Amino acid sequence: MKLRPLGNRVVLQYEKAEEKTQSGIILPDSAREKPEDAVVVAVGPGTDDEKMFVKEGDKVIFTKYAGTEVKLGDEEYTIVNQSDIIVIVQ
């Protein structure tokens, strides 16, 4: 099954969250911070008012509390509006 976003939406997948602190303490899931960077998995077609600037495979940083989290099989995704993406990391 594949996600196909509509309009100006973008499907993101988080990279692995840190499981250990620099000093070696292992963090439980509840103590890990939600990352603000992710990889673009799918991009909608855009709208008449908004051209899409991101593409699949781009690494991006987005606003902290943006998006809707979705679980599909074993994978977790976040769907955001393109306007919630702050920067493309190159």
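Everything here concerns the structure above.
The paragraphs below set out a description of the structure included in this document. (Residues numbered from 1 in each chain as written. Predicted model: local features only at pLDDT ≥ 70, side-chain atom pairs only at ≥ 80, totals over all residues. Heavy atoms only, no water.)

1. Some points on the packing of aromatic side chains
Our working rule: Ring pairs are drawn from Phe, Tyr and Trp, using the six-membered ring of Trp, whenever the two centres fall within 6.5 Å, and their geometry is named by plane angle: stacked under 30 degrees, edge-to-face over 60, tilted for the rest. Only DSSP runs of H or I covering at least 4 residues are called helices, and only runs of E covering at least 2 are called strands; the numbering of each starts at the N terminus. Each residue is placed in one exposure class: buried if its accessible area under a 1.4 Å probe, protein chains only, is under 20% of its type's maximum, exposed if it is over 50%, and partly exposed if it falls in between.
Under the counting rule described, the total for this entry stands at one aromatic pair. Relative to F62, the ring of Y14 lies with its centre 6.1 Å away and its plane at 35°, an arrangement referred to as tilted. Separated by 48 residues along the polypeptide, Y14 in strand β1 (residues 9-14) and F62 in strand β3 (residues 59-62) bring together distant segments of the chain. Take F62: its relative accessible area is 1%, and that puts it in the buried class.

2. Let's talk about the side chain of Q82
Worth spelling out the cut-off: Contacts described as polar in this section are N or O atom pairs within 3.5 Å, which, within protein, must combine one atom able to donate a hydrogen with one able to accept it, while residues neighboring in sequence count only if both atoms come from side chains.
By the element assignment, Q82 lies in the loop between β5 (75-81) and β6 (85-89). By relative accessible area, Q82 is classed as buried at 7%. Engagement of the side chain of Q82 in a polar contact is seen with the side chain of E50, the distance being 3.0 Å.

3. Let's talk about the environment of K2
Its place among the elements puts K2 in the segment before β1. Here the alpha-carbon distance between K2 and L72, two residues 70 residues apart in the chain, equals 8.7 Å.

4. Here we look at the environment of V41
Here is the rule we go by: Contact between two residues is taken to exist if any of their heavy atoms lie within 4.5 Å; hydrogens are not considered.
Along the chain, the position of V41 falls in strand β2 (residues 37-43). Classification of V41 as partly exposed rests on a relative accessible area of 30%. Apart from the residues lying within four places of it in its own chain, the contact partners of V41 are V11, L12, Q13, E56 and Y77.

5. Regarding a nonpolar patch on the surface
What counts, and what does not: Each patch is assembled from residues with relative accessible area greater than 30% and no salt bridge, linking like charges that lie within 9 Å and nonpolar side chains (Val, Leu, Ile, Met, Phe, Trp, Tyr) that lie within 5 Å. Exposure was quantified through the Shrake-Rupley algorithm and a 1.4 Å probe, taking into account, for residues, occlusion by the shown protein chains and nothing else. Salt bridge, as applied in this entry: a Lys or Arg side-chain nitrogen positioned within 4 Å of an Asp or Glu carboxyl oxygen.
Judged by side-chain polarity, I86, V87 and V89 come together as a nonpolar surface patch covering roughly 240 Å² of accessible area. Here V89 is to be found in strand β6.

6. With respect to the sheet that holds β6
Heads up, the rule is: Think of it this way: DSSP has to see at least two bridges between two strands before they count as a pair. In this analysis an axis means a line fitted to C-alpha atoms, helices contributing only their contacting stretch, and an angle means the value between N-to-C directions, from 0 to 180 degrees.
In spatial order, the strands read β4-β5-β1-β2-β3-β6; together these six strands make up an open sheet with antiparallel pairing. Lying at the two open borders of the sheet, with one neighbouring strand each, are β4 (68-72) and β6. Taken over all neighbouring pairs, the strand axes of this sheet differ in orientation by 40° on average, direction set aside.

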